[in-house]
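A structural walkthrough
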Amino acid sequence: MRCLRVACLTFLLIVPLGCTKRSNLNPPLSSKVYGAQIVLVSGDKQAAGVGSKLADPVVVQVNGADGSALAGALVSFHGEGLVLTPAEALSDASGQVSVSVQLGGIPGGYELVADAPKAGGGSTTINVREIALGYQEKVGKEVSYKYCTTCHDPESTPERVSNLDNLTPPLPHQFTDGNTLNSMSDADLIKVIADGGPALGKSPQTPAYRNTLTQAQIKAVVAYIRAVADPPYQPPATKH
Ligand code: HEC
């Protein structure tokens, strides 16, 4: 009798809950296969304005122990401050899952973590870094795309052909190249942008932008260079 009552109660409690859940959410996904490793295909190190959606999705791939792509593996995404759509999905026929990323409202680096359960328990994970640009940094990105990337980015896009192949060494660095640019002070960056390469004993191929850009635009480019630096830029400790 007691048993029956418990059963009835459980039935009454669970059924309505179950119904509302089912109507709002898709049934939980479960992994059909277990991978050995999750790898990044594309979409890391993108920079976009705070709160905006990244131009490209992040794509990851689940591989089996022999390195071949696995279809039907469950991949979950999380990341503090990020809106990730979908939050989880099964890998497609090429072993891949793609997630769209909306950045949080605070400028700085964000970390997306993708994980897939492993056969013996535990999971394989990969961390992906993305960058949210504050207002000044975003202005800097726009200036940089308009005036600088033609020489400073080796990749050509449909809108812009890279000019890098036409330059004679020493060649310019990508603005993400923290190993080179982090060691330059803000003052030196501003000087080379405003006055051109020779101002710092560098190649005359880097033009002087003193008459093209305002001081505010030049400072914005510097803020952008600092924001996208990889490894990240650490400002020098302020002297007391
Ligand atoms: C016509 C090609 C060209 C354009 C356009 C150009 N640069 Fe350069 N830049 C160079 C070259 C070449 C160097 C390398 C100079 C050297 O190492 O002697 C350089 C060097 C630099 C450096 C020093 C660090 C490095 O990469 O070696 C900075 C900073 C820089 N440029 C900023 C800018 C900014 C900001 C813009 C746009 C506002 C810009 N440049 C546009 C060619 C260009």
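Scroll up to find the structure this text is about.
Throughout, residues of each chain are indexed from 1 in the direction in which the sequence is written. Local features in this predicted model are restricted to residues of pLDDT 70 or higher, and side-chain atom pairs are both shown and tallied only at a pLDDT of 80 or more, whereas totals for entire chains, interfaces and linings draw on every residue. As a convention, hydrogens and water are excluded, and side-chain values are obtained from all of the structure's heavy atoms.

Ideal values differ by geometry: the angle at a metal is 109.5 degrees with four tetrahedral donors, but 90 or 180 degrees with six octahedral donors. Metal sites are built from N, O and S donor atoms within 2.8 Å, or 3.2 Å for Na, K and Ca, and they leave out water, so they may look incomplete. Binding of the iron atom of the ligand to the protein goes through His152 (NE2) and Thr206 (OG1), at separations of 2.1 to 2.5 Å. Geometry assignment treats four donors as tetrahedral when all angles are between 85 and 135 degrees, treats four as square planar and six as octahedral when opposite donors are over 155 degrees apart and all others between 65 and 115, and treats everything else as irregular. Between the 6 donor atoms coordinating the iron atom of the ligand, the angles at the centre fall across 78 to 179°, so the site counts as octahedral. Separated by 54 residues along the polypeptide, histidine 152 in helix α3 (residues 149-152) and threonine 206 in the loop between α5 (186-195) and α6 (215-228) bring together distant segments of the chain. Classification of threonine 206 as partly exposed rests on a relative accessible area of 26%. Each helix is a run of DSSP H or I of at least 4 residues and each strand a run of E of at least 2, with the numbering of both proceeding from the N terminus. Burial status follows relative accessibility: with a 1.4 Å probe on protein chains alone, a residue under 20% of its type maximum counts as buried, one over 50% as exposed, and anything between as partly exposed.

With that settled, the discussion passes to the site of the ligand. In the region of the ligand, 22 residues are neighbours, and Cys148, Cys151, His152, Ser203 and Thr206 sit closest. The term polar contact refers here to a pair of N or O atoms within 3.5 Å; inside protein, the definition further demands a hydrogen-donor-capable atom paired with an acceptor-capable atom, and it admits residues adjacent in sequence only when both atoms are side-chain atoms. Contacts to the ligand include histidine 173, whose side-chain N or O atom sits 2.8 Å from an oxygen atom. Separating a nitrogen atom of the ligand from a side-chain N or O atom of threonine 206 is a distance of 2.9 Å. Counting residues per element, the ones that place at least two in the shell around the ligand are α3 and α5. Broken down by element, the residue count for the shell around the ligand peaks at 3 residues, all from α5. Whether a residue is near a molecule or strand depends on its heavy atoms: if one lies within 4 Å, it is near.

Turning our attention to the side chain of aspartate 115. Relative to the helices and strands, aspartate 115 is located in strand β8 (residues 108-117). Engagement of the side chain of aspartate 115 in a polar contact is seen with the side chain of histidine 78, the distance being 2.8 Å. A contact between two residues is defined here by any heavy atoms of the two lying within 4.5 Å. Setting aside its immediate chain neighbours within four residues, aspartate 115 contacts Ile38, Leu74, Val75, Ser76, His78, Ser123, Thr124 and Thr125.

A separate point is the pattern of salt bridges. Salt-bridge detection follows one rule: a side-chain nitrogen of Lys or Arg within 4 Å of a carboxyl oxygen of Asp or Glu. Evaluated as defined, the whole model comprises 3 salt bridges. Salt-bridge contacts for aspartate 230 lead to lysine 45; the nearest nitrogen and oxygen are separated by 2.9 Å. Taken together, the residues aspartate 230 in the segment after α6 and lysine 45 in the loop between β1 (37-42) and β2 (47-49) connect sequence positions 185 residues apart. In this structure, aspartate 186 engages arginine 226 in a salt bridge whose closest nitrogen and oxygen atoms are separated by 2.7 Å. Residue aspartate 186 is found in helix α5, and its partner arginine 226 is found in helix α6; the two are separated by 40 residues along the sequence. With relative accessibility at 37%, the residue aspartate 186 sits in the partly exposed group. Judged by its relative accessible area of 11%, arginine 226 falls in the buried class.

Right, let's get into the packing of helix α2 (residues 135-147) against α6. Axis separation between α2 and α6 bottoms out at 7 Å; the angle between their running directions is 100°. Judged on the interaxial angle alone, α6 and α2 are roughly perpendicular. Note on element contacts: α6 touches α2 through Gln217, Lys219, Ala220, Val221, Ala223, Tyr224 and Ala227, opposite Gln136, Glu137, Val139, Gly140, Lys141, Val143, Ser144 and Tyr145. When residues are sorted by character, Ala, Val, Leu, Ile, Met, Phe, Trp, Tyr, Cys and Pro go into the nonpolar class, Asp, Glu, Lys and Arg into the charged class, and all the rest, Gly among them, into the polar class. Class assignment for the residues of the contact of α2 with α6 results in 8 nonpolar, 4 polar and 3 charged. With axes taken as lines fitted to C-alpha atoms, and helix axes fitted only over the stretch in contact, angles between N-to-C directions fall between 0 and 180 degrees. An angle below 35 degrees is treated as roughly parallel, one above 145 as roughly antiparallel, one from 65 to 115 as roughly perpendicular, and anything else as oblique.

Next up on the list: the environment of proline 172. Take proline 172: it is sitting in the loop between α3 and α4 (178-181). By relative accessible area, proline 172 is classed as partly exposed at 25%. As for proline 172 and lysine 202, which are separated by 30 residues in sequence, their C-alpha atoms are 9.9 Å apart. Aside from chain neighbours lying at most four places away, what touches proline 172 is Cys151, His152, Leu164 and Leu167.

Bringing the sheet that holds strand β4 (residues 74-78) into the picture now. Here 5 strands make up an open sheet; going across it, the order is β2-β9-β8-β4-β6 and the pairing mixed. Of all strands in the sheet, those with a lone pairing partner are β2 and β6 (88-90), marking the two edges. Geometrically, the sheet is characterised by an average inter-axis angle of 30° between neighbouring strands, direction not taken into account. Packed onto the sheet, α2 meets β2 and β9 (123-133) and runs at close to 85° relative to β9. Sitting on the sheet, α6 touches β2 and β9, and the angle it makes with β9 is about 175°. Two strands pair if DSSP finds at least two bridges between them.

Keep in mind these values describe shape, not function.
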